[in-house]
Amino acid sequence: KAGVTQTPRYLIKTRGQQVTLSCSPISGHRSVSWYQQTPGQGLQFLFEYFSETQRNKGNFPGRFSGRQFSNSRSEMNVSTLELGDSALYLCASSAQPQDTNTEAFFGQGTRLTVV
Amino acid sequence: DQQVKQNSPSLSVQEGRISILNCDYTNSMFDYFLWYKKYPAEGPTFLISISSIKDKNEDGRFTVFLNKSAKHLSLHIVPSQPGDSAVYFCAANAGGTSYGKLTFGQGTILTVHP
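About the cut-offs
- Residues numbered from 1 in each chain as written.
- Chains lettered and ligands numbered in written order.
- Predicted model: local features only at pLDDT ≥ 70, side-chain atom pairs only at ≥ 80, totals over all residues.
- Heavy atoms only, no water.
- Pairing = 2+ DSSP bridges.
- Helix = DSSP H or I, 4+ residues; strand = E, 2+ residues; numbered from the N terminus.
- Axes fitted to C-alpha atoms, helices over the stretch in contact; angles between N-to-C directions.
- Phe/Tyr/Trp six-rings, centres within 6.5 Å; stacked < 30°, edge-to-face > 60°.
- Buried < 20%, exposed > 50% of the residue type's maximum accessible area, 1.4 Å probe, protein only.
- Contact = heavy atoms within 4.5 Å.
- Buried area = accessible area lost by both parts, 1.4 Å probe.
- Polar contact = N/O pair within 3.5 Å; in protein donor to acceptor, adjacent residues only side chain to side chain.
- Disulfide = S-S within 2.5 Å.

*Asks:* Describe in detail the pairing of strand β6 (residues 56-59) of chain B, supporting the description with residues and values.
*Replies:* In this structure, β6 of chain B lies alongside strand β7 (residues 62-67) of chain B, joined through four bridges in antiparallel fashion. Residue pairing for β7 of chain B: Glu 58 of chain B is matched across the bridge by Thr 63 of chain B.

*Asks:* An account of the sheet that holds strand β7 (residues 64-68) of chain A is needed here, citing residue identities and associated values.
*Replies:* Residue and element names in this part refer to chain A. A sheet is described by the order of its strands in space; here four strands give the open sequence β1-β3-β8-β7, paired in antiparallel fashion. The open sheet terminates on both sides in strands that have one partner only, identified here as β1 (5-7) and β7. On average, adjacent strands in this sheet sit at an angle of 20° to one another, irrespective of strand direction. Inspection of the sheet shows β7 paired to strand β8 (residues 74-78) by five bridges, in the antiparallel sense. Looking at the pairing, Arg 67 lines up with Glu 75 of β8.

*Asks:* Could you give an account of the packing of aromatic side chains, naming the residues involved and the relevant values?
*Replies:* On inspection of all chains with the given rule, the structure shows 14 aromatic pairs over all chains. Between the aromatic rings of Tyr 35 of chain A and Phe 104 of chain B, the centroid separation amounts to 5.5 Å while the plane-to-plane angle is 85°, which identifies the pairing as edge-to-face. Residue Tyr 35 of chain A is found in strand β4 (residues 31-38), and its partner Phe 104 of chain B is found in strand β10 (residues 103-104); the two belong to separate chains. Accessibility classification places Tyr 35 of chain A together with Phe 104 of chain B in one group, the buried group. Geometrically, the ring pair formed by Tyr 25 of chain B and Phe 33 of chain B is tilted, given 4.7 Å between the ring centres and 40° between the ring planes. Judged by its relative accessible area of 7%, Tyr 25 of chain B is buried. Taken together through their ring pairs, the aromatic side chains of Tyr 35, Phe 45, Phe 105 and Phe 106 of chain A together with Tyr 36, Phe 46, Phe 89 and Phe 104 of chain B make up a single cluster.

*Asks:* Go over the interface of chain B and chain A with me, naming the residues and quoting the values.
*Replies:* Reports of interface size often rely on the accessible area that becomes lost once the parts have come together. In this assembly, 23 residues from chain B lie in contact with 24 residues from chain A. Taken over both partners, the interface formed by chain B and chain A buries close to 2000 Å², and the fraction arising from carbon and sulfur atoms is 56%. At the junction of chain B with chain A, the criterion picks out five residue pairs in polar contact (both at pLDDT 80 or more). Among the secondary structure elements, those contributing two or more residues to the side of chain B that touches chain A are β4 (32-38), β5 (45-51) and β9 (86-93) of chain B.

*Asks:* Which residues make up unusual backbone geometry, and what values go with them?
*Replies:* Residue Pro 8 of chain A follows Thr 7 of chain A across a cis peptide bond; omega there is -10°. As for its position among the elements, Pro 8 of chain A is in the loop between β1 and β2 (10-13). Put simply, Val 78 of chain B and Pro 79 of chain B share a cis peptide bond, and its omega is -10°. Turning to its location among the elements, Pro 79 of chain B is positioned in the loop between β8 (72-77) and β9. Its identity is not glycine, yet Ser 51 of chain A carries a phi of approximately 50°, on the positive side. You can call Ser 51 of chain A partly exposed: its relative accessible area is 33%.

*Asks:* Report on the side chain of Glu 48 of chain A, specifying residues and quantitative values.
*Replies:* Relative to the helices and strands, Glu 48 of chain A is located in strand β5 (residues 42-50). Separated by 2.5 Å, the side chains of Glu 48 of chain A and Ser 31 of chain A make a polar contact.

*Asks:* Now, about the state of the cysteines: what can you tell me, with residues and values included?
*Replies:* Scanning the model with the defined rule gives two disulfides over all chains in all. Two residues share a disulfide in this structure: Cys 23 of chain A and Cys 91 of chain A, whose sulfurs sit 1.7 Å from each other. Measuring handedness by torsion sign, the sulfur bridge of Cys 23 of chain A and Cys 91 of chain A sits at about -55° and is left-handed. With Cys 23 of chain A in strand β3 (residues 19-24) and Cys 91 of chain A in strand β9 (residues 87-94), this pair connects stretches of sequence that are 68 residues apart. For the residue pair Cys 23 of chain A and Cys 91 of chain A, the accessibility class agrees, reading buried in each case. Covalent S-S linkage joins Cys 23 of chain B and Cys 90 of chain B, the inter-sulfur distance amounting to 1.9 Å. Residues Cys 23 of chain B and Cys 90 of chain B share a disulfide whose torsion about the S-S bond is about 60°; that sign makes it right-handed. Linking Cys 23 of chain B in strand β3 (residues 19-25) with Cys 90 of chain B in strand β9, this pair joins segments that are 67 residues apart in sequence. Its relative accessible area of 1% is what places Cys 90 of chain B among the buried residues.

Any functional reading would require information that these geometric values do not contain.
Structure (structure tokens):
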């Protein structure tokens, strides 16, 4: 069974640009969550989607948005990039929403560098 | 407000000995806890989890202990192997309206020496 696939693995963007990251969950998984990892803040929750609906959102500005498609694939978009958005962006999938206490499995992440 | 804390940034252990990684939390709504292992430039790998209705869960060399009254959990690795060297994160979920939100600690770097 294939794991969680995130594309691209690495990305370099300029301040002010926008970026779209993609995540394909494990086959059969319907819940996708996104996290940002930075050296100073650690792993922070961005948002979670289940059956194309955003169920929860972390404390990030509106420049961070996402969506989920009918095949459970998810995209995350960051507009008007800032230097501080440089981070490892991780996607996690689980078979059920996390409130039913199931494990979340992570992809390898997308390393975004904003210059 | 850091709701999940791993107070030891690093831990060094000899191969074959026990590694004990600790995690404290403040949010009494957390009812599910997970441990992940992470190598640089990779995503976290799920290791083991525990529900708040239990106080212990074992999976091979990994055992997680939960002390709800102290709001403390620990991960025991026995015996430790050099391949266990990585960053270990504990994470917690409050269920209910928290849905897919995991709150992570800052991580502990485990180094297992041959």
